[in-house]
Amino acid sequence: MSDPSRPRGPKIIAITNQKGGVGKTTTAINLGAALAANQKNVLLVDLDPQGNASTGLGIDIRDRDHTTYDLLLEEAPIEKVLKPTSVERVWIAPATTDLSSADIELVSNEKRIHLLHDALRAPTVADLGMDFILIDCPPSLNLLTVNAMVAADSVLVPLQSEFFALEGLSQLMLTIREVRQTANPDLRIEGVALTMYDFRNNLSKQVEADARENLGNLVFKTVIPRNVRVSEAPSFAIPVLEYEPSSKGSQAYLALAQELLSRE
Ligand SMILES: Nc1ncnc2c1ncn2[C@@H]1O[C@H](COP(=O)(O)OP(=O)(O)O)[C@@H](O)[C@H]1O
Ligand SMILES: [Mg+2]
């Protein structure tokens, strides 16, 4: 289990896959909202310079005065960076494009892979009363993603139910192994979540069969269907759970949250 030398605090989950467009941000927002619907306090950390999670939760670019860039490179404390969202029990540490230079600036920093860990494991974090911190990673295995893995208790991997889905997974697993060997021996794999699943499509079924055969129990039982409501919700700057609670997408993310909580 967790390192006893660490202060008691939230469970930190890095949502990672170096492929873009596989559902990382969508999962961060909607799993966050679904955990909040289960009375959990959730902090979303936007670690992608594109800032899609921040936008998807309605944080106007002009209101991103303190960001995850400041958290990493300006020693800004998390309590100064986080903002409430329109969703009860969901907060966000927003990102702007400033973060795109962080990857390079980190290289010369002695603590380059530990900065997010130090920010999110600071003693004051326990006082915030968060149950979960979800980190929305960029589509790359760069220093930002490594920071997320060093800070995290576990990694959650969204896997798009598409051709070549499993391609690149071995690279991701290699990075996880390296992080375990160097900086975070306790890093677990929370699970692999199949996203954008099309129940009418044999390809989705094939990808699921391959994933379950290769990864076994690591694959969540819950699959997230391709659902137009899920893709529409961000343009209203709310999670699908608020946009259309009865949609298949909402129900799937609630089920994923339940599955995650039942594994605790
Ligand atoms: N379950 C889903 N159903 C329909 N569209 C989805 C679903 N999940 C993600 N999308 C859409 O796919 C695109 C990529 O998703 P996103 O979460 O931004 O991926 P990533 O963060 O991995 O780059 C977005 O336009 C998003 O709205
Ligand atoms: Mg994203």
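Within each chain, residue numbers correspond to sequence positions counted from 1 in written order. Working convention: letters from A go to chains and numbers from 1 go to ligands, in the order in which they are written. Predicted model: local features are reported for residues with pLDDT of at least 70 only, side-chain atom pairs are reported and counted for 80 or more only, and whole-chain, interface and lining totals are derived from all residues. Excluded from the side-chain calculations are hydrogens and water; all other atoms, namely the structure's heavy atoms, are used.

## Description of the overall build of the chain
A helix here means a DSSP run of H or I that spans at least four residues, while a strand means a run of E at least two residues long, and both kinds are numbered starting from the N terminus. Per the secondary structure count, the chain includes 12 helices and 7 strands. Put simply, the radius of gyration uses C-alpha atoms, and a globule should come to 2.2 Å times the residue count raised to 0.38. Here the C-alpha radius of gyration of the chain, 17 Å, is about what a compact globule of 264 residues would show, namely 18 Å. Classification of the 264 residues of the chain by burial places 53% in the buried group. The long-range fraction of contacts in the chain, counting pairs at least 24 apart against all pairs at least 6 apart in sequence, stands at 78%. Here the term buried applies to any residue with accessible area under 20% of the maximum for its type, exposed to any over 50%, and partly exposed to those in between, with areas from a 1.4 Å probe on protein chains only. Working rule for contacts: check all heavy atoms of both residues, and any pair within 4.5 Å makes them a contact.

## Points about the site of ligand 1
Near ligand 1 lie 14 residues; those nearest to it are Gly21, Lys24, Thr26, Pro225 and Asn227. Identification of polar contacts relies on pairs of N or O atoms within 3.5 Å, with a donor-acceptor requirement for protein atoms, meaning one able to donate a hydrogen and the other able to accept it, and with residues adjacent in sequence counted only if both atoms are side-chain atoms. One of the side-chain N or O atoms of Lys24 is found 2.9 Å from an oxygen atom in ligand 1. Interatomic distance of 2.9 Å between a side-chain N/O atom of Thr25 and an oxygen atom of ligand 1. Accessible surface is estimated by sampling points in the Shrake-Rupley manner with a 1.4 Å probe; for residues, cover comes only from the protein chains shown. Its free accessible area being 560 Å², ligand 1 has 79% of it covered by the protein chains. When residues in the shell around ligand 1 are grouped by element, the largest group, 3 residues, is from helix α1 (residues 24–37). It suffices for a single heavy atom of a residue to lie within 4 Å of a molecule or strand for the residue to be listed as near it.

## Regarding a negative patch on the surface
Candidate patch residues must exceed 30% relative accessible area and have no salt bridge, after which like charges are joined if within 9 Å and Val, Leu, Ile, Met, Phe, Trp or Tyr side chains if within 5 Å. By definition, a salt bridge exists where a carboxyl oxygen of Asp or Glu is found within 4 Å of a side-chain nitrogen of Lys or Arg. Charge assignment in this entry is limited to Lys and Arg as positive and Asp and Glu as negative, and neither His nor the chain termini are counted. Where a charge sits is defined by one atom per residue type, namely NZ (Lys), CZ (Arg), CG (Asp) or CD (Glu). A cluster of acidic residues, Glu74, Glu75, Asp98 and Glu105, forms a negative patch at the surface. Within the secondary structure, Glu74 is located in the loop between α3 (68–73) and α4 (78–81).

## Overview of the sheet that holds strand β5 (residues 132–136)
For two strands to be treated as a pair, DSSP must find at least two bridges joining them. With respect to topology, 7 strands assemble into an open sheet ordered β3-β4-β2-β5-β1-β6-β7, the strand pairing being mixed. Among the strands making up the open sheet, the edge pair consists of β3 (83–84) and β7 (188–195). Axis definition: a line fit to C-alpha positions, over the contact stretch in the case of helices; interaxial angles, taken between N-to-C directions, run 0 to 180 degrees. The strands touched by α1 within the sheet are β1 (11–15), β2 (42–46), β4 (90–93), β5, β6 (154–160) and β7, with β5 carrying the most contacts at an inclination of about 165°.

## Digging into the environment of Arg200
Tracing the chain through its elements places Arg200 in the loop between β7 and α9 (202–215). For Arg200, a relative accessible area of 76% corresponds to the exposed category.

## Re the nonpolar core
Grouped together as the largest cluster of nonpolar side chains are 52 residues, with contacts concentrated most on Leu47, Leu116, Leu120 and Ile135. By residue number, the principal contributor to this core is helix α7 (residues 143–151), which donates 7 residues. In contact with Leu116, other than residues within four places in its own chain, are Leu47, Leu71, Leu72, Ile135, Asn147, Ala148 and Ala151. As used in this record, nonpolar core signifies buried Ala, Val, Leu, Ile, Met, Phe, Trp, Tyr and Cys residues forming a set joined through side-chain atoms within 4.5 Å. Grouped together as the second largest cluster of nonpolar side chains are 28 residues, Leu35, Leu44, Val87 and Leu260 included.

Taken by themselves, the reported measurements are silent on function.
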